[in-house]
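Take a look at the letters that make up each chain.
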There are 2 protein chains.
Amino acid sequence: MAVAISPARAIPFSTVRFISFCTKPSPKSVQSKLVPLLTNHHHPVFPPKLHFRHVPPRLPAAAPPFDRRCFCAATAEAVERPRAGEEVGDFRSRLRVVDIKGGPDEGLDLLGQTLGVKGWVRTVRVQSSVTFIEVNDGSCLSNMQCVMTSDAEGYDQVESGMITTGASVSVRGILITSQGSKQKVELKVEKLVMVGKSDPSFPIQKKRVSREFLRTKAHLRPRTNTFGAVARVRNALAYATHKFFQDNGFIWISSPIITASDCEGAGEQFCVTTLIPSSREAVDSPANAIPKTEDGLIDWSQDFFGKPAFLTVSGQLNAETYATALSDVTYFSDSCPHFNIIVRKFCTNYVYTFGPTFRAENSQTSRHLAEFWMIEPELAFADLNDDMACATAYLQYVVKHILDNCKEDMDFFNTWIEKGIINRLSDVVEKKFMQLTYTDAIELLLRANKKFEFPVKWGCDLQSEHERYITEVAFSGSPVILRDYPKA
Amino acid sequence: MAVAISPARAIPFSTVRFISFCTKPSPKSVQSKLVPLLTNHHHPVFPPKLHFRHVPPRLPAAAPPFDRRCFCAATAEAVERPRAGEEVGDFRSRLRVVDIKGGPDEGLDLLGQTLGVKGWVRTVRVQSSVTFIEVNDGSCLSNMQCVMTSDAEGYDQVESGMITTGASVSVRGILITSQGSKQKVELKVEKLVMVGKSDPSFPIQKKRVSREFLRTKAHLRPRTNTFGAVARVRNALAYATHKFFQDNGFIWISSPIITASDCEGAGEQFCVTTLIPSSREAVDSPANAIPKTEDGLIDWSQDFFGKPAFLTVSGQLNAETYATALSDVTYFSDSCPHFNIIVRKFCTNYVYTFGPTFRAENSQTSRHLAEFWMIEPELAFADLNDDMACATAYLQYVVKHILDNCKEDMDFFNTWIEKGIINRLSDVVEKKFMQLTYTDAIELLLRANKKFEFPVKWGCDLQSEHERYITEVAFSGSPVILRDYPKA
């Protein structure tokens, strides 16, 4: 990762500081100063770099050393320096591939326009008369197919073999109808600028690679289709989560992450401490350097908070104090295939938390994570029916949101990751959610005309086969909520 | 806090479980099963509670024990149990005080309607012929003034003195024009139900209390005007933050909280470990119970992750790996009066993080926090000008958002917490942001017609007096960005 950002270090002064938020003017004294000075000092403009006496020499932008591999490092470009005391410019979003190809016309509405695209090269196909460069900018799954002939500016970079998979490029061209069947439009390149080159050993080539391999290239895997799609869908789910609760009058609460509360023992906790030296020295820490009391106990008075502190296992208690004062809160886990919702009825208003949560349970299953983001809604003046209705409305809202807004990514998952996922999620959106008690579910299973591998009796944990029977057979595909579970 | 939720424990079965997300149907086999069974098993309806053999007896709702003080605990009400296999109902937001009084007419448009309000009693004024009960539900700063005469249902609770500050009530009545000058409408009570009573020792009475005192009542302070307003404004700022970045095509990244990276030494780190026993036993942990190697070093192989792990000091490195693949990221701290923005120029797209961040620096100032939520945007193919433009647009957007949407709360701050804050924030929204280099700022200060307490020279840290001169005098109230700071 350090490689990718090394050029940034070449710019010696890179800290920007806002200074208008710390002033606390005493209105009277300021007023008397402001009046006489206003006309003299109104937006003075200085010639740039008036005062160089103490300025350390600016370092030249460092070229990446030869013994380092270079994956798309920015090439040195002089930063444009505005004059002193200039106004800050307007913020404009850059044109993205999704802005071009994401519309209903898939880009046909922009035919003939000169457009610029910046991104990373996925593939380069050099043919006799024309070169195809697929550029992806992460704004969507689709690449922008760039078609380049030898008369285009910057073609020498193609000829010299510098434009390879992983390289960062800026391309300008005219949008034309594509001859290929995969896309409706492509960019006829007028100018190609290589922003950062890529080493031939760049590990994410066109060939499909395993997720185990990608785990060893964590800094580059966001450039794969799978991780890009996951990031976009996860982003959409998170934003839809906020949108749902905000639109329904919930207040978001950022409950503390470091806490002394174990929230009624919701899970094993991680200890947070400074009694052990920080990262660089931690590996070789002598165990007897940890402060002890005379009795040989850990001396917590010397820890950061003066007593033991832990990572939160739930924001529930904090959310409840706000729920009994404000308006409606939330909580359930996005880490579990089973969405477990703990319902509490008490007099409150509506608030929700949505933040990281931690469990120090060493269980290597997909249903247990050491760190996950949890949604915890707390509803005011509500009962179990309100809670089920809220959870149902929430799930239908966020699932509909990704089906509507992440079509391309969901199609990708449906084809390559989990066949049938779109149909299953469409059921969640379109079918009515059903609800029954655990006891009634057991009764339903006992009366089922089906032999189960795991025998059913009251008090047993439901297995996949039982859950599938209930949802798929008994309720023909409707999502089902089981309530009134026996106490664990 | 436990007191407030104790009634919830009286409901023995409170776990709801969604079971439709774990099924992974093999489409063929399911299809063949579904067809013959569909008609027989389509939405079977069982008589409720068919099967009670193994059901443990339902506990009666426990009354709060006499030796406990009761702050608005929910009184026992039977939960309505729908029939087995029923559809989940629609989720409807409850009518809130802000829905009644928050509109442009301040409630006059709803005159004559019968409305229900649920919330907590702020004050009760019993007069000879009429009783005024101020009910706040946290949806806004304003209370709903409820006017009650002796003929209203539930008046006996007023007579017996049960309706006191802090009590949770449900009120139904007709909205009428208010005689008072403080509000345009009030609720003429038809029925009052006490949902949870409050002890006379309830610490948040009408009298103003210090924040130091409230710190000792952390579970009740959300019911004060100040903490309620802070929670609502903080919520609005957080949501506006997501909205700004999402609307500008940024992708939110949840960077890891537990990490082995110290992000270029951005700050002192907290160690996260399970080598020390969890909360309940931690206080009396023998120091020599921590696993050691033969050399007397801490045996990290026995820790949760098999090596030292820490709380993140910045999501920057993670965001960068996504920024060099997706579309535009973010970061700056919401904890500092100075918004420090670290700008990096490297080839990327746009992503942002917004999550908790930690520094184990034991500095007791308002500018240093052990735990805070940080926004980290990473911009693709951008330079310093783009970054300043983005930060400026962001600040103007979120500040405008709270001025527009939290008017009542901001008026409260302007009157009681910090006079002039609305004018100052309006400047942020309306004035053009200026930017100049640190070097030019020093030059400007050296040429200033003003004697500073702290002398100015290149390389010095700017003091409040310098920053005030630059923003208030030199740039007449415009927010100013200083760039190209010397390396720390």
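You'll find the structure just up there.
Given the structure is predicted, the values throughout are model-derived calculations rather than measurements. (Residues numbered from 1 in each chain as written. Chains lettered and ligands numbered in written order. Predicted model: local features only at pLDDT ≥ 70, side-chain atom pairs only at ≥ 80, totals over all residues. Heavy atoms only, no water.)

*Asks:* Could you give an account of the overall build of chain A, with specific residues and numbers?
*Replies:* Looking only at helices and strands, chain A features 13 helices and 17 strands. With 488 residues in all, chain A has 56% of them scored as buried. Long-range contacts, defined as pairs at least 24 residues apart, comprise 67% of the intrachain contacts of chain A with a sequence gap of at least 6. By element, 52% of the accessible surface of chain A is carried by carbon and sulfur atoms, the whole surface being about 22000 Å². (Helix = DSSP H or I, 4+ residues; strand = E, 2+ residues; numbered from the N terminus. Buried < 20%, exposed > 50% of the residue type's maximum accessible area, 1.4 Å probe, protein only. Contact = heavy atoms within 4.5 Å. Areas by Shrake-Rupley, 256 points an atom, 1.4 Å probe, with all protein chains shown as cover.)

*Asks:* Let's hear about the sheet that holds strand β4 (residues 131-136) of chain A: which residues, and what values?
*Replies:* Residues and elements named next belong to chain A. One closed barrel accounts for 5 strands, arranged β3-β4-β5-β7-β6; its pairing is mixed. Going across the sheet, the axis of each strand differs from the next one's by a mean of 55°, ignoring polarity. One ladder, built from 5 bridges, connects β4 with strand β5 (residues 144-148); its direction is antiparallel. Each bridged residue has a counterpart across the sheet, and for E134 the counterpart in β5 is Q145. (Pairing = 2+ DSSP bridges. Axes fitted to C-alpha atoms, helices over the stretch in contact; angles between N-to-C directions.)

*Asks:* Hey, could you go over the nonpolar core for me, with residue numbers and the actual values?
*Replies:* Ranked by internal contacts, the top residues of the largest apolar core, which has 88 residues, are F91 and M410 of chain A together with M410 of chain B. Per-element tally for this core: the top contributor is helix α9 (residues 384-405) of chain B, with 11 residues. Not counting residues within four places of it along the chain, the set of residues in contact with M410 of chain A comprises V233, I402, I421, I422 and L425 of chain A. (Core = buried A, V, L, I, M, F, W, Y, C linked by side-chain atoms within 4.5 Å.)

*Asks:* Run through the side chain of S170 of chain A, naming residues and quoting values.
*Replies:* All names here are of chain A. Within the secondary structure layout, S170 lies in strand β6 (residues 168-177). S170 sits in the buried class, given a relative accessible area of 18%. Those residues in contact with S170, other than ones at most four positions away along the chain, are V117, K118, K191, L192, V193 and V195.

*Asks:* Provide a residue-level description of helix α11 (residues 421-430) of chain A, including the pertinent values.
*Replies:* Residues and elements named next belong to chain A. Across the 10 residues of α11, 7 count as buried, placing the element largely inside the fold. Within α11, burial applies to I421, I422, R424, L425, S426, V428 and V429. Tucked into the core, α11 has its buried residues touching α9 (384-405) and α10 (407-417).

*Asks:* Describe the packing of aromatic side chains, with residues and values.
*Replies:* Overall, the coordinates contain 46 aromatic pairs over all chains when judged by the stated rule. Between W373 of chain A and W373 of chain B, the ring centres sit 6.2 Å apart and the planes meet at 90°, which makes this aromatic pair edge-to-face. Here the residue W373 of chain A occupies a position in strand β15 (residues 371-378), and W373 of chain B occupies one in strand β15 (residues 371-378), the pair thus bridging two chains. Per residue, the accessibility class of W373 of chain A equals that of W373 of chain B, and both read buried. An aromatic cluster is defined as three or more aromatic residues linked by ring pairs; in this entry it consists of F91 of chain A together with F244, F245, F250, Y350, Y352, Y394 and Y397 of chain B. (Phe/Tyr/Trp six-rings, centres within 6.5 Å; stacked < 30°, edge-to-face > 60°.)

*Asks:* Tell me about the environment of Y352 of chain B, and name the residues and values.
*Replies:* Residue and element names in this part refer to chain B. Considering the arrangement of structural elements, one finds Y352 in strand β14 (residues 351-358). The spatial distance from the C-alpha of Y352 to the C-alpha of S254 is 8.7 Å, given a sequence separation of 98 residues. For Y352, the side chain forms a polar contact with the side chain of Q246, separated by 3.1 Å. (Polar contact = N/O pair within 3.5 Å; in protein donor to acceptor, adjacent residues only side chain to side chain.)

*Asks:* Mind laying out unusual backbone geometry, listing which residues take part and the relevant values?
*Replies:* Excluding glycine, residues mostly carry a negative phi; peptide bonds, for their part, are mostly trans. The phi dihedral of E106 of chain A falls on the positive side, at around 55°, and the residue is not glycine. For E106 of chain A, the position within the fold is in the loop between α3 (97-101) and β3 (114-126). Positive phi, normally seen in glycine, also occurs at D484 of chain B, with a value near 55°. One can find D484 of chain B in the segment after β17 (480-483).

*Asks:* Would you mind going over the sheet that holds strand β6 (residues 168-177) of chain B in detail, with residue names and values included?
*Replies:* Residue and element names in this part refer to chain B. Ordered in space as β3-β4-β5-β7-β6, the 5 strands form a closed barrel in which the pairing is mixed. When the angles between neighbouring strand axes are averaged without regard to direction, this sheet yields 55°. Across 2 bridges, the pairing between strand β5 (residues 144-148) and strand β7 (residues 185-196) is parallel. Paired with C146 across the bridge in β7 is L187.

*Asks:* Let's hear about the environment of N136 of chain B: which residues, and what values?
*Replies:* Tracing the chain through its elements places N136 of chain B in strand β4 (residues 131-136). For N136 of chain B, a relative accessible area of 4% corresponds to the buried category. Between the C-alpha atom of N136 of chain B and that of N225 of chain B, which follows or precedes it by 89 residues, the distance is 9.8 Å. Each residue touching N136 of chain B, except ones within four places of it in the same chain, is listed here: A325 of chain A together with G119, W120, R122, L141, S142 and N143 of chain B. Looking at N136 of chain B, its side chain comes within polar contact range of the main-chain nitrogen of G138 of chain B, at 2.7 Å.

*Asks:* Mind laying out helix α10 (residues 407-417) of chain B, listing which residues take part and the relevant values?
*Replies:* Every buried residue belonging to α10 of chain B is among D409, M410, F412 and F413 of chain B, and all of these are buried. Projected onto a plane normal to the axis of α10 of chain B, the buried residues spread over an arc of 155° and lie on a single side. (Arc of directions from axis to C-beta.)

*Asks:* An account of the packing of helix α6 (residues 225-247) of chain B against α10 of chain B is requested, with residue identities and associated values reported.
*Replies:* Helix-helix packing is described using two parameters, namely the angle between the two axes and the distance between the axes. Residue and element names in this part refer to chain B. Contact pair α6 / α10: the axes reach a minimum separation of 10 Å and the direction vectors enclose 135°. Viewed along their axes, α6 and α10 adopt a mutual orientation that is oblique. Helix-helix and strand crossings are classified by hand; for α6 and α10 the assignment is left-handed. Side by side, α6 and α10 meet where N225, T226, A229, V230, R232 and V233 of the first sit next to D409, M410, F412, F413 and I417 of the second. (Parallel < 35°, antiparallel > 145°, perpendicular 65-115°, else oblique. Left-handed = near helix turned anticlockwise from the far one by under 90°.)

*Asks:* Describe the packing of α9 of chain A against α11 of chain A, naming the residues involved and giving the relevant values.
*Replies:* Residues and elements named next belong to chain A. One way to put it is that α9 packs onto α11 with a least axis distance of 9 Å and a crossing angle of 135°. The angle between α9 and α11 places the two elements in the oblique class. In terms of crossing hand, the pair formed by α9 and α11 is left-handed. Contacts between α9 and α11 pair Q396, V399, K400, I402 and L403 from the former with I422, L425, S426, V428 and V429 from the latter. Split into classes, the residues belonging to the contact of α9 with α11 amount to 7 nonpolar, 2 polar and 1 charged. (Nonpolar A, V, L, I, M, F, W, Y, C, P; charged D, E, K, R; others polar.)

*Asks:* Break down the pairing of β6 of chain B for me, with residues and values.
*Replies:* Taken residue by residue, a regular strand's side chains alternate between the two faces of the sheet. Residue and element names in this part refer to chain B. When strand β3 (residues 114-126) meets β6, the two strands line up antiparallel, connected through 7 bridges. The residue bridging G119 from the neighbouring strand is V169, located in β6. Where β6 and β7 come together, 10 bridges link them in antiparallel fashion. Following the sheet pairing, V169 is matched in β7 by M194.

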